[in-house]
Amino acid sequence: MKISPLQKARYEYSPKLPGMLRNGISEICVKEGEETQSVADQEAIKALFPNTYGKKEITFERGENTSAPKKQVVGVILSGGQAPGGHNVICGLYDALKATNPDNELFGFKNGPSGLIDDDYLVFDDKYIDEYRNTGGFDIIGSGRTKLETQEQFAIAADVCKKHGITAIVIIGGDDSNTNAAVLAEYFAANNTGVQVIGCPKTIDGDLKNEDIEISFGFDTATKTYSEVIGNIERDANSAKKYWHFIKVMGRSASHVALECALETQPNICLISEEVAAKKMSLSQIADYIADSVEKRAAKGMNFGVAIIPEGVVEFVPEFSALIAEINELLAGAKADAFNALPTWAEKYEFIKNGLTKESFEVFDILPQGIQQQLFLERDPHGNVQVSLIESEKLFSALVADKLAQRKAAGTYTGKFNPLHHFFGYEGRCAFPSNFDADYCYSLGYNAFMLIQYGYTGYLSKISNLSNPASEWVAGGMPITKMMNIERRHGEDKPVIKKALVELDGKPFKFFEANRDQWAEETCYVYPGAIQYYGPAEVCDLTTRTLALEQE
Ligand code: FBP
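Residues numbered from 1 in each chain as written. Predicted model: local features only at pLDDT ≥ 70, side-chain atom pairs only at ≥ 80, totals over all residues. Heavy atoms only, no water.

**Observations concerning the domain arrangement of the protein chain**
And then number 1: Segmentation of the protein chain into domains returns domain 1 (16–218 + 433–497) and domain 2 (219–429 + 506–550).
And then number 2: For domain 1 and domain 2, the distance between their C-alpha centroids amounts to 35 Å.
And then number 3: Both faces considered, domain 1 and domain 2 share a buried interface measuring about 1900 Å² in area, 52% of it formed by carbon and sulfur atoms.
And then number 4: Broken down residue by residue, the surface that domain 1 buries against domain 2 is led by Ile204, Asp205 and Asn435, which jointly contribute 30%.
And then number 5: Run the count over domain 1 and domain 2 and you get 3 salt bridges.
And then number 6: Across the pair Glu550 and Lys209 runs a salt bridge, and its minimum N-O distance is 2.7 Å. (Domains from an automatic or database assignment. Buried area = accessible area lost by both parts, 1.4 Å probe. Salt bridge = Lys/Arg side-chain N within 4 Å of Asp/Glu carboxyl O.)

**A word on the site of the ligand**
And then number 1: In the neighbourhood of the ligand, 13 residues make up the surrounding shell, with Gly81, Thr203, Asp205, Tyr426 and Arg429 lying closest.
And then number 2: Gly81 places a main-chain nitrogen or oxygen 2.8 Å from an oxygen atom of the ligand.
And then number 3: Arg252 is positioned such that a nitrogen or oxygen atom in its side chain is 3.4 Å from an oxygen atom of the ligand.
And then number 4: Contact with the protein chains covers 79% of the free accessible surface of the ligand, which is 490 Å².
And then number 5: Taken together, the residues of the shell around the ligand break down into 3 nonpolar, 4 polar and 6 charged.
And then number 6: Summarising the domain contributions, the shell around the ligand has at least three residues from each of domain 1 (16–218 + 433–497) and domain 2 (219–429 + 506–550). (Near = heavy atom within 4 Å. Polar contact = N/O pair within 3.5 Å; in protein donor to acceptor, adjacent residues only side chain to side chain. Areas by Shrake-Rupley, 256 points an atom, 1.4 Å probe, with all protein chains shown as cover. Nonpolar A, V, L, I, M, F, W, Y, C, P; charged D, E, K, R; others polar.)

**So, the environment of Val314**
And then number 1: Within the fold, Val314 resides in the loop between β10 (305–310) and α12 (318–330).
And then number 2: Look at Val314 and you get buried, because its relative accessible area is 1%.
And then number 3: Separated by 94 residues in sequence, Val314 and Asp220 place their C-alpha atoms 25 Å apart.
And then number 4: The contact partners of Val314, leaving out residues within four places of it in the chain, are Phe320, Ser321, Val387, Ile390, Ser392, Leu395 and Phe396. (Helix = DSSP H or I, 4+ residues; strand = E, 2+ residues; numbered from the N terminus. Buried < 20%, exposed > 50% of the residue type's maximum accessible area, 1.4 Å probe, protein only. Contact = heavy atoms within 4.5 Å.)

**As for the sheet that holds strand β5 (residues 121–123)**
And then number 1: Taken together, 9 strands build an open sheet; the order of strands is β1-β2-β13-β12-β7-β6-β3-β4-β5 and the sheet is mixed. Because the sheet does not close on itself, it has two edges, and the strands there are β1 (28–35) and β5. The mean inter-strand angle of the sheet, taken between neighbouring strand axes irrespective of direction, is 25 degrees.
And then number 2: Sheet analysis places strand β3 (residues 73–78) next to strand β4 (residues 105–109), joined by 4 bridges and oriented parallel. (Pairing = 2+ DSSP bridges. Axes fitted to C-alpha atoms, helices over the stretch in contact; angles between N-to-C directions.)

**Some words on the environment of Val197**
And then number 1: Relative to the assigned elements, Val197 resides in strand β7 (residues 196–201).
And then number 2: Overall, the relative accessible area of 0% leaves Val197 in the buried class.
And then number 3: Once the C-alpha coordinates of Val197 and Val385 are considered, the two residues, 188 residues apart in sequence, prove to be 36 Å apart.
And then number 4: With sequence-adjacent residues up to four places away left out, Val197 is seen in contact with Ile169, Ile171, Ala181, Leu184, Ala185, Phe188, Thr457, Gly458 and Tyr459.

**Let's talk about the side chain of Gln153**
And then number 1: With respect to the element layout, Gln153 can be found in helix α6 (residues 151–164).
And then number 2: What makes Gln153 buried here is its relative accessible area of 16%.
And then number 3: A polar atom in the side chain of Gln153 sits 2.6 Å from the backbone nitrogen of Glu149.
And then number 4: Residue contacts for Gln153: discarding those within four places in its chain leaves Ile117, Thr146, Lys147 and Leu148.

**Side note on the sheet that holds β10**
And then number 1: On the basis of which strands lie adjacent, the open sheet formed by 4 strands has the order β9-β10-β8-β11 and parallel pairing. Edge positions in the open sheet fall to β9 (269–270) and β11 (419–424), since each of these has one partner strand only.
And then number 2: Note that strand β8 (residues 244–249) and β10 share 6 bridges and pair parallel. Within β10, the position partnered with Val249 by the bridge is Pro310.
And then number 3: In this fold helix α9 (residues 256–265) packs onto β8, β9 and β10, with an angle of close to 155 degrees to the strand it touches most, β10.

**Details of the nonpolar core**
Considering soluble globular proteins, one finds that nonpolar side chains tend to be buried as a cluster.
And then number 1: Of all hydrophobic cores here, the largest spans 84 residues; its most connected members are Phe60, Ile90 and Phe124.
And then number 2: If you count residues domain by domain, this core takes at least three from each of domain 1 (16–218 + 433–497) and domain 2 (219–429 + 506–550).
And then number 3: Beyond its immediate stretch of four places on either side in the chain, Phe60 contacts Met20, Leu21, Ile28, Cys29, Val30, Asn447, Met450, Leu451, Tyr454, Ala475 and Gly476.
And then number 4: Counting residues in hydrophobic clusters, the runner-up holds 48 residues, among them Phe246, Leu356, Phe396 and Val400. (Core = buried A, V, L, I, M, F, W, Y, C linked by side-chain atoms within 4.5 Å.)

**As for the side chain of Arg10**
And then number 1: By the element assignment, Arg10 lies in helix α1 (residues 5–11).
And then number 2: Here Arg10 occupies a buried position and makes no salt bridge, while the nearest side chain of opposite charge, Asp439, is found at 6.5 Å.
And then number 3: Within the structure, the side chain of Arg10 is placed 2.9 Å from the side chain of Asn435, a separation counted as a polar contact.
And then number 4: With residues up to four places along the chain from it excluded, the contact list for Arg10 reads Arg133, Asn134, Phe432, Pro433, Ser434, Asn435, Ala438, Tyr533 and Tyr534. (Lys, Arg positive; Asp, Glu negative; His and termini not counted.)

As structure tokens, this is what we get:
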């Protein structure tokens, strides 16, 4: 395999561990803290997790390692969307496991959680691991979105573990995967399998965070990657002075990615879905808000700009959600066949007009035809509209163009508006991890093994104090049940890790809110440039603006 000079150089990078893990395995001791309670619905969660609920928070310290000597055979799984640093979690896990006992083994279950059920795995050795150190991607073993959640799957998992003598499973995933890790841990404990389960917090979306988990890994690198390109686009916009760039960024429902990119690059506009929902903004109001910036900038001779649109924003517009719900209903079951049989768009349009309520039809009618058709063509296997596929960057630029045409007709606007569209998502999920993610992930994996070695199960590997240098980071573990509450999902009450959305009273949003009016009218762009892997720590090891503001 041909490798790039950077990849070769990154093999040599030594990830930084938290100070208390640096003196070698023999000098890591454990300190137990308080017993924990779930963030809400304590009685219900306790009843569902009788064997793993209420355990103590733990931290590691320098001191004599008192863990029981035992051969460990650990299985690791990558779950869900890629996030930079996943390889380093596995490298850290492997290094701690081998440093503890060279006979310990690490199994990698392939292509996500299904690998455990299908008993599809590889066993890591030094040569294999060394090819993936400090690299992006999840190709070391592959990832997948199969959920481990049924009793049948758990029983098969227990058999697979028994067959290989597996003592622990590490699940590297987001909120859903770690919820399932907690359920699996409970099953293994209830059935006396002797298999422990540890989770590691992953997702570029940044929505797996709470008072214990400061940041999910991958968010730092992905947002730096998008910010680099957004900064480049800003500079291009400011050079050519003729385009408005509408840039959609990934992040599923939450707007953490969009907000972080805005804090890094100071664009003219950044929509925050959580604010759209809180203020119950309509599509028309959002379009007016952007058009105001276009108009004010045009009045100063600046017919260019940059707008960041979070991936999930349309779901947060109340009238749009109502429209989607009606469309799902309108095309439920056999009605979809009647609709599909109509030969022309004009006939389909009439069918829609007759099927929707007046309010929803009004919303439908202001959408550009391309988006209207997308709503009826792109359906998921259950027949529902796939909201994530809606090209909201094009939707908003079209709505803004309509607003500006009206203002032109009214004689209040005389500028030019040439929009261009971009979507940044997959570009950032497999970048070489920043030093922060390389260090954080390696530490999460190393720490996960220490949790295993000390006999813990149902815990999330926890590294905190992250806005300080790595030497001051704190390593430990938190019972996953502590992060859970009961939520209604698919018509059922389920114990889940609470998803973190952008907090409108949090410091990152407040900072953005205090500055955005100026950014909307003037050109205040910041050009972050490429991730720096070598050089002074204040350039190379800095984490996100979001985390820095949160910990101010
Ligand atoms: P995870 O929640 O699994 O980390 O994935 C996040 C994400 O990258 C979202 O930002 C995006 O909406 C989604 O995955 C895309 O999924 P897919 O890779 O299946 O297209």
